[in-house]
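Residue strings, one per chain:
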Amino acid sequence: MSSVLVSFDSGVLQVTLNRPEKLNALNPEMHKLLRQALERAAEEREVRAVLLGGAGRGFCAGQDLSERDVSPGAAPIDLSVSLGSYYNPLVRRLRELPKPVVCAVNGVAAGAGANLALACDIVLAGRSASFMQSFSRIGLVPDAGGTWILPRLVGKARAMGLALLGEKLSAEQAAQWGLIWKVVEDDVLFSEGIQLAKQLAEGPTRGYGLIKKAMHASSGNSLDAQLELERDLQREAGYSEDYREGVTAFKEKRTPRFKGK
């Protein structure tokens, strides 16, 4: 069976990491399939939202360390190759995808697996889920965007503690700190994730993409630069069919029928 499962229904492309026996630890084949799924999400107009999840008892344990030979006498491994070829393009694609990405985290999200989840737009977690920056436990630096994402979500002090100590952060604590959107009961995690993704799929897709663009730019912009960006993006949003439909529906006191245009 494929290590990444992909299905499509009601505007939602559901992407499931599927190596449960390895806690969905990532390898090159999974990266290839993830890239293909996200390319499909970007290119197909029918896809209006993405739901990312993991099969089995965990979301993703990060890189599959069993595939690396670090035995005495083995040649040193250039980890920058893996980051440049796989992880960095994956995080960029998630952040730049002009459609909303929901992540449903069950069980552990560790190392690059945690940062993969946090690169998504809305993160739901089951009550038993946990997040761990496990890199320091093997002498490494948080990657997959971790050193950029964490300080912006929880502040420098908490980000530094998470990175240096490598301790598990419970789903409830993650929500309290603002690391994720919401905690739900384990038995309804995926149904809640699907429901949320379908809600987004019925919304103004073009506007969602512009919201993502504005939010991601804000951390590097001055107030003046951000105000100018908002002006330009609002002009673009105002030309959309969805804006026209939204205002019309408001005036007619009915639910809007967005088409993502």
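Provided above is the structure to which this section pertains.
Residues numbered from 1 in each chain as written. Predicted model: local features only at pLDDT ≥ 70, side-chain atom pairs only at ≥ 80, totals over all residues. Heavy atoms only, no water.

1. Some thoughts on the overall build of the protein
- The helix and strand tally for the protein stands at ten helices and nine strands.
- Computed over the C-alpha atoms, the radius of gyration of the protein is 19 Å, within 12% of the 18 Å expected from 2.2 N^0.38 for a compact globule of 261 residues.
- Dimensions of the protein along its principal axes, counting C-alpha atoms only, are 70 × 45 × 35 Å.
- Residues classed as buried in the protein amount to 44% of the 261 residues present.
- Within the protein, counting contacts between residues at least 6 apart in sequence, those at least 24 apart form 68% of the total.
- Accessible area of the protein: about 13900 Å², with a carbon and sulfur share of 54%.
- Computing the positive centroid from 33 side-chain charges and the negative centroid from 30, the protein places the two 3 Å apart. (Helix = DSSP H or I, 4+ residues; strand = E, 2+ residues; numbered from the N terminus. Rg over C-alpha atoms; globule rule 2.2 N^0.38 Å. Buried < 20%, exposed > 50% of the residue type's maximum accessible area, 1.4 Å probe, protein only. Contact = heavy atoms within 4.5 Å. Areas by Shrake-Rupley, 256 points an atom, 1.4 Å probe, with all protein chains shown as cover. Lys, Arg positive; Asp, Glu negative; His and termini not counted. Charge placed at Lys NZ, Arg CZ, Asp CG, Glu CD.)

2. A few points about a nonpolar patch on the surface
- Together, Leu 65, Ile 138 and Leu 140 make up a nonpolar patch on the protein surface, roughly 250 Å² of accessible area in all.
- Its relative accessible area of 47% is what places Ile 138 among the partly exposed residues. (Patch = residues over 30% accessible without salt bridge, like charges linked within 9 Å, V, L, I, M, F, W, Y side chains within 5 Å. Salt bridge = Lys/Arg side-chain N within 4 Å of Asp/Glu carboxyl O.)

3. Here's the deal with unusual backbone geometry
- Even without being a glycine, Ser 10 presents a positive backbone phi close to 55°.
- Positionally, Ser 10 belongs in the loop between strand S1 (4–9) and strand S2 (12–17).
- Note on Ser 10: relative accessible area 45%, which makes it partly exposed.

4. Considering empty space enclosed by the protein
- Throughout the structure, instances matching the rule amount to two cavities of 30 Å³ or more.
- In this structure, the largest cavity spans a volume of roughly 50 Å³.
- Broken down by secondary-structure element, the contributors of at least two residues to the lining of the largest cavity are helix H3 (112–118) and strand S7 (130–132).
- Partitioning the lining of the largest cavity into residue classes produces seven nonpolar, one polar and one charged.
- Considering the residues around the second largest cavity, the lining is formed by Val 15, Leu 34, Leu 38, Val 50, Leu 52, Leu 90, Leu 94 and Val 101.
- Sorting the residues of the lining of the second largest cavity by element identifies helix H1 (28–43), strand S3 (49–54) and helix H2 (79–96) as the ones contributing at least two each.
- Here the lining of the second largest cavity is composed, by residue class, of eight nonpolar, no polar and no charged. (1 Å grid on protein atoms, 1.4 Å probe; cavity = no way out; pocket = protein on both sides within 12 Å on 5 of 7 lines; lining within 4 Å. Points joined across faces, edges and corners; volume = space filled by probe spheres on them. Nonpolar A, V, L, I, M, F, W, Y, C, P; charged D, E, K, R; others polar.)

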